[in-house]
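Coordinate inspection notes
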Amino acid sequence: MSNPMIVVEDMSFAYGKDNILTDVNLIIERQEYVGIIGANGAGKSTLMKLLLGQLTPTKGAVTVNAESIGYVPQVGFHAVNNFPASVEEIVMTGLHAEIGMFHFPKKEHRKKVKETLELVGMAEYRKRMLSELSGGQQQRVLIARALIQNPELLILDEPLTGIDKEAGEMLYQLLAKL
């Protein structure tokens, strides 16, 4: 018997009286890639928030069988032109639960950041400011930030927004490698 990663059963969601999603059924197996396509306002981001547990269904159930979830938001830091953080610092924020709020990263944390940046092809940029990078490079940094905790499930909200075709192809190659 299979143990699906995600099961959505007869799920509906409304913001007040505005129905956003109605009677959604979905099963996503482990190791499966799924893309959700729809018009603006169709409820794609709302569905992701339901999967992440940020929202509660009005009706039905959403079950995610994952110990940990990595999330890459729709609008990356490219929306903030002068965000004052290096690539290494951004990825390190993915370890905040492990490091603690006001503690300094240890040698093993820095090693983990370096290894994760190598995985996404961004190790040579680790000292660069995020604002100096292209949209595709920023997206890979945000993926590294999501990956650093070795999540069982990775959710990306519109990962191709703001990046060119070549960067998009590199992103798909990276996801296939992962």
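Presented here is a report on the structure given in the accompanying data block. The structure presented is a predicted model; accordingly, all values stated were derived computationally and were not measured. (Residues numbered from 1 in each chain as written. Predicted model: local features only at pLDDT ≥ 70, side-chain atom pairs only at ≥ 80, totals over all residues. Heavy atoms only, no water.)

1. So, the packing of helix α5 (residues 135–147) against helix α6 (residues 165–177)
So the rule is basically this: Only C-alpha atoms enter the line fits that serve as axes; for helices the fit covers just the stretch in contact. Angles between N-to-C directions range over 0 to 180 degrees. Numbering of helices and strands starts at the N terminus; helices are DSSP runs of H or I of at least 4 residues and strands are runs of E of at least 2. Should an angle fall under 35 degrees it is called roughly parallel, over 145 degrees roughly antiparallel, and 65 to 115 degrees roughly perpendicular, with every other angle called oblique. Crossing chirality is assigned from the near helix's rotation relative to the far helix, an anticlockwise turn below a right angle marking it left-handed and a clockwise turn marking it right-handed. Contacts are residue-level and defined by heavy atoms, with any inter-residue pair within 4.5 Å sufficient.
The geometry of α5 relative to α6 is characterised by a closest axis approach of 9 Å and an angle of 20° between their N-to-C directions. Looking at the two axes, α5 sits roughly parallel to α6. Two packed elements cross with a definite hand, and for α5 against α6 that hand is right-handed. Of the residues in α6, those touching α5 at Gly136, Gln139, Arg140 and Ile143 are Ala167, Met170, Leu171 and Leu174.

2. Brief notes about the pattern of salt bridges
Note the following rule: Salt bridges are defined by distance alone: a side-chain nitrogen of Lys or Arg within 4 Å of a carboxyl oxygen of Asp or Glu. When a residue's accessible area, from a 1.4 Å probe over protein chains only, is under 20% of the maximum for its type it is buried; when over 50% it is exposed; and in between it is partly exposed.
Across all of its chains, the model carries eight salt bridges by this definition. With a shortest N-O distance of 3.3 Å, Arg128 and Glu132 are connected by a salt bridge. Take Glu132: its relative accessible area is 49%, and that puts it in the partly exposed class. Look at the salt bridges and you will find they share partners, linking Glu88, Arg126 and Lys127 into a network.

3. Considering the layout of surface pockets
The condition that has to hold: Points on a 1 Å grid over protein atoms alone make up a cavity when a 1.4 Å probe fits among them but cannot get out, and a pocket when they form an open set with protein on both sides within 12 Å along at least five of seven lines; lining residues each have an atom within 4 Å of a point. Grid points are joined across faces, edges and corners, and a volume is the space filled by probe spheres set on the points. Under the scheme applied, nonpolar residues are Ala, Val, Leu, Ile, Met, Phe, Trp, Tyr, Cys and Pro; charged residues are Asp, Glu, Lys and Arg; polar residues are all the others, including Gly.
Its boundaries defined by the atoms lining it, the largest pocket holds a volume of some 1,200 Å³. Taken together, 36 residues form the lining of the largest pocket, with Glu32, Tyr33, Val34, Leu154 and Leu156 sitting closest to its centre. Of all the secondary-structure elements, those providing two or more residues to the lining of the largest pocket are α1 (44–51), α4 (107–119), β5 (153–156) and α6. Its residues assigned to classes, the lining of the largest pocket shows 23 nonpolar, five polar and eight charged.

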